[in-house]
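Residue strings, one per chain:
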Amino acid sequence: MNPSHKQLIQIALVALLLVGCVAVLLPFTGTLLFAIVICLTTLPIRNRLLTLCGGRSNLAALLLSILLLLLLVVPMALLSGTLADGVQMGVRALKPLLETGVPPEPPQWIADLPIVGPDITRYWQDLADSREEMNNLLRQVFDPTRKFALAAVGLFAQGLLQLVLVIFFVFFIFRDTHIYADALLTGSRMLGGDLGERMLTLAEGTVTGVMAGIVGTAAAQALVAMLGFIIAGVPGVIALTFATFFFSMVPVIGATLIWLGAAIWLYNGGQTGWAVFMVLWGMFGISSVDNFLKPILISRSASLPLLLIVVGVFGGVLVFGFIGIFLGPTLLALGQVLIREWLAYAAPETPTAAAAVRETR
């Protein structure tokens, strides 16, 4: 056989092997990446557990996996069940409206609303007089709302399964951390020399900082919200606190959906004063945590603009599902930091950049 033909066959076999490996790993890309992110973030805890366990990596990895199950999977399971029950209750409450129609007069609290109350009351009465128009409006509102609620339940259920799989990967990564760490360090040195090693260190710091910023801010908002729920006497404090934690990772509107819903519930129950308190607590307490704490935490490793956080959250959810809430902003922040570092490293070597430096001098 011609040596060149033999070499081509060898290259083709290696390429086929790589394609096969990628095809096998592709369905687990998101969960593997998120498992790596969690491992980098919780590495100090793992090292502490490893010391307490006398260097037994299996036991340390198992204890940390159990801790992650308690902190992530159990609250997610409770929240998914509560959300599913809430959707069923909402569907049961709205179905009679489609069958019997709305009452001729709106609730008193709607009529008492300032400025818009009289207009809503008149429109309500017109709808009650016109059964066909009312049914069309109810269907237009009911169907999209039901689909959105079911999609939210499905997203949380998918997230629950993904988190279980992520923790499964975390156990094996932490069990053999030294092997993967040595391989990453060797690979970065072979590919980029000193720059590769520096970028690896930078990537670790960026991932840790962004995750600490996102998760730490969400936890702080959840604690502040829990205090407000307890003070205002809102029921289901535990479920609402977990919901605030997870929804706080969605920028701008995440936590607002929870505390505003609690304020509406208080207002409907005739507790106008506590409803006003809940709105003020949400605006100046819960939301202010996101405005001040998150930039401080994230800026320690990477200055991540709000646009990248928004795009990272929603794009991450579209690509990776629920875990994209965490993974999307982290990947974008990592890409931004590494590109900046690479450009800063390469700029002095280019003639244009060197000329620009000389001109400024």
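Novice: Explanation requested: the overall build of the protein chain in the structure shown.
Specialist: Of regular secondary structure, the protein chain possesses 14 helices and 0 strands. Across the protein chain, helices and strands are ordered from the amino to the carboxyl terminus as α-α-α-α-α-α-α-α-α-α-α-α-α-α. Counting across all 361 residues of the protein chain, residues that qualify as buried make up 35%. If you take every contact in the protein chain between residues at least 6 apart in sequence, the share linking residues at least 24 apart comes to 70%. Here the protein chain displays about 20,900 Å² of accessible surface, and carbon together with sulfur accounts for 72% of that area.

Novice: Is there a simple way to think about the nonpolar core in this case?
Specialist: Most often, soluble globular proteins have nonpolar side chains that are buried together. Ranked by size, the top nonpolar core spans 58 residues in total, and within it F34, L163, V170, F229, M278 and F322 carry the most contacts. Broken down by element, the residue count for this core peaks at 10 residues, all from helix α8 (residues 177-232). Contact partners of M278, with chain neighbours within four places excluded, come to G228, F229, A232, W259, A262, A263, L266 and I286.

Novice: Would you mind going over helix α3 (residues 43-52) with me for this structure?
Specialist: Spacing of three or four residues puts side chains on the same side of an α-helix, whose turn is 3.6 residues. Among all positions of α3, only R46, L49 and L50 are buried. Relative to the axis of α3, the buried residues are bounded by an arc of 105° and lie together on one face. Of the exposed residues in α3, the ones pointing more than 90 degrees away from its buried face are P44, R48, T51 and L52. Just downstream of α3 lies G54, where phi reads positive at about 70°.

Novice: Please clarify how the packing of aromatic side chains should be interpreted in this entry.
Specialist: Any two aromatic rings considered together are summarised by their centre-to-centre distance and by the angle between their planes. Counted according to the given criterion, the structure contains 6 aromatic pairs. Feature note: the residues F28, F168, F169, F171 and F172 constitute an aromatic cluster, connected by ring pairs.

Novice: What's the story with the confidence of the model for the protein chain in this structure? I'm lost.
Specialist: Detailed conclusions should not be drawn from predicted coordinates in areas where pLDDT is low. Across the protein chain, pLDDT averages 75, with 73% of residues at or above 70. Below pLDDT 50 for its whole length, residues 352-361 participates in 4 contacts with residues either more than four positions away or in separate chains.

Novice: For this particular structure, what's the right way to read a nonpolar patch on the surface?
Specialist: A surface patch of nonpolar side chains, about 570 Å² in accessible area, is lined by L59, L62, L63, I66, L70, V74 and L78. Structurally, L70 can be placed in helix α4 (residues 57-100).

Novice: Quick question: what am I supposed to make of the environment of L69 here?
Specialist: Within the element layout of this structure, L69 appears in helix α4. Once you skip the residues sitting within four places of it in the chain, L69 turns out to touch V74 and I167.

Novice: Where do I start with the pattern of salt bridges in this structure?
Specialist: Side chains carrying opposite charge are able to pair once their charged atoms draw close together. Tallied over the full model, the rule gives 1 salt bridge. One salt bridge connects R175 with D176, and the closest N-O pair in it is separated by 3.5 Å. The exposure class of R175 is partly exposed, given its relative accessible area of 28%. For D176, a relative accessible area of 19% translates into the label buried.

Novice: I tried to follow the environment of I167 on my own but got confused; where do I start?
Specialist: Relative to the helices and strands, I167 resides in helix α7 (residues 131-175). As for I167 and L64, which are separated by 103 residues in sequence, their C-alpha atoms are 9.2 Å apart.

Novice: Explain helix α10 (residues 254-268) here, please?
Specialist: Look at α10: 22 Å from first C-alpha to last across 15 residues, which is about the 21 Å you get at 1.5 Å a residue. Among the residues making up α10, those that are buried are G254, A255, I258, W259, A262, A263 and L266. Positive phi appears at G270, one or two residues downstream of α10, with a value of about 80°.

Criteria and thresholds
Residues numbered from 1 in each chain as written. Predicted model: local features only at pLDDT ≥ 70, side-chain atom pairs only at ≥ 80, totals over all residues. Heavy atoms only, no water. Helix = DSSP H or I, 4+ residues; strand = E, 2+ residues; numbered from the N terminus. Buried < 20%, exposed > 50% of the residue type's maximum accessible area, 1.4 Å probe, protein only. Contact = heavy atoms within 4.5 Å. Areas by Shrake-Rupley, 256 points an atom, 1.4 Å probe, with all protein chains shown as cover. Core = buried A, V, L, I, M, F, W, Y, C linked by side-chain atoms within 4.5 Å. Arc of directions from axis to C-beta. Phe/Tyr/Trp six-rings, centres within 6.5 Å; stacked < 30°, edge-to-face > 60°. pLDDT = per-residue confidence, 0-100. Patch = residues over 30% accessible without salt bridge, like charges linked within 9 Å, V, L, I, M, F, W, Y side chains within 5 Å. Salt bridge = Lys/Arg side-chain N within 4 Å of Asp/Glu carboxyl O. Expected span 1.5 Å × (residues − 1).

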